[in-house]
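Examining the three-dimensional arrangement
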Amino acid sequence: QVQLAESGGGLVQPGGSLRLSCAASGIAFSNYAVGWYRRAPGKQRELVATLTIGGMTNYADSVRDRFTISRDNAKNTVYLQMNNLNPEDTAVYLCTAERDFRDYWGQGTQVTVSS
């Protein structure tokens, strides 16, 4: 019954911006810590950003000051605003929700940064 669905990925030029969305069904994001991860070809999955129930955020050093994680509880949606993108940001981005040691994952959305 629980599904997370990412959207908003695509092709963008270096220096451009994208906003990823993650819509949930079966759970209320307001009751979960949420996060974004990414997986690039040939690389390990890495944490991009997290947002706790209490509102505390954490970012990977490589994206801090460029990316912003947020949530809209009324829409039951989590966002990742990505600015000043560079080719190293190219990856499949996945959202996740966690509570009481149980985590849910979306399928991911592709972000490609190239000129």
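Our structure is the block above this text.
Residues numbered from 1 in each chain as written. Predicted model: local features only at pLDDT ≥ 70, side-chain atom pairs only at ≥ 80, totals over all residues. Heavy atoms only, no water.

1. A closer look at the sheet that holds strand β7 (residues 67-72)
Here is the rule we go by: Any two strands with at least two DSSP bridges between them are considered paired. We count a stretch as a helix when DSSP gives it H or I for four or more residues in a row; a strand needs E for two or more, and each element gets its number in order from the N terminus. Helix axes are fitted to C-alpha atoms over the stretch in contact, other axes to C-alpha atoms as well, and angles between N-to-C directions run from 0 to 180 degrees.
If you walk across this open sheet you meet the four strands as β1-β3-β8-β7, and the pairing is antiparallel. Each edge of the sheet is formed by a strand with only one pairing partner; in this case those strands are β1 (3-7) and β7. Each neighbouring strand pair of the sheet contributes to a mean axis angle of 15°, computed without reference to strand direction. The pairing of strand β3 (residues 18-25) with strand β8 (residues 77-82) spans six bridges and is antiparallel. If you follow S21 over to β8, its bridge partner there is Y79.

2. Comments concerning the state of the cysteines
In plain terms, the rule: In this description, a disulfide is simply a cysteine sulfur pair whose atoms lie within 2.5 Å. Each residue is assigned to one of three classes by its accessible area relative to the maximum for its type, calculated with a 1.4 Å probe on protein chains only: buried under 20%, partly exposed between the two thresholds, exposed over 50%.
Under the counting rule described, the total for this entry stands at one disulfide. Bridging C22 to C95, the disulfide has an S-S length of 1.8 Å. With a gap of 73 residues between them, C22 in strand β3 and C95 in strand β9 (residues 91-99) connect regions that are remote in the sequence. In this pair, the class of C22 matches that of C95, namely buried.

3. Digging into unusual backbone geometry
Even without being glycine, D65 reaches a positive phi, approximately 80°. Checked against the element boundaries, D65 lands in the loop between β6 (57-59) and β7. A relative accessible area of 78% places D65 in the exposed class. Of note, the phi angle at N84 is positive, near 50°, even though the residue is not glycine. Along the chain, the position of N84 falls in the loop between β8 and β9. The exposure class of N84 is partly exposed, given its relative accessible area of 48%.

4. So, the pattern of salt bridges
Formally: Salt bridge, as applied in this entry: a Lys or Arg side-chain nitrogen positioned within 4 Å of an Asp or Glu carboxyl oxygen.
This model, assessed by the stated rule, comprises four salt bridges. Here E46 and R38 are joined by a salt bridge, their closest N and O atoms 2.6 Å apart. In the salt-bridge network here, residues are joined through shared partners; they are R38, E46, R66 and D89.

5. Observations concerning the nonpolar core
Note the following rule: Buried Ala, Val, Leu, Ile, Met, Phe, Trp, Tyr and Cys residues form a nonpolar core when they are joined through side-chain atoms within 4.5 Å.
Counting residues in each nonpolar core, the largest one holds 31 residues, and the members touching the most others are L4, F29, W36, I69, L80, M82 and Y93. Broken down by secondary-structure element, the contributors of at least two residues to this core are β3, β4 (33-39), β5 (46-51), β7, β8, β9 and β11 (109-113).

6. Observations concerning the pairing of β4
Here β4 runs beside β9; their pairing, made up of seven bridges, is antiparallel. Within β9, the position partnered with V34 by the bridge is A97. Where β4 lies against β5, five bridges are found, and the strand directions are antiparallel. If you follow W36 over to β5, its bridge partner there is A49.

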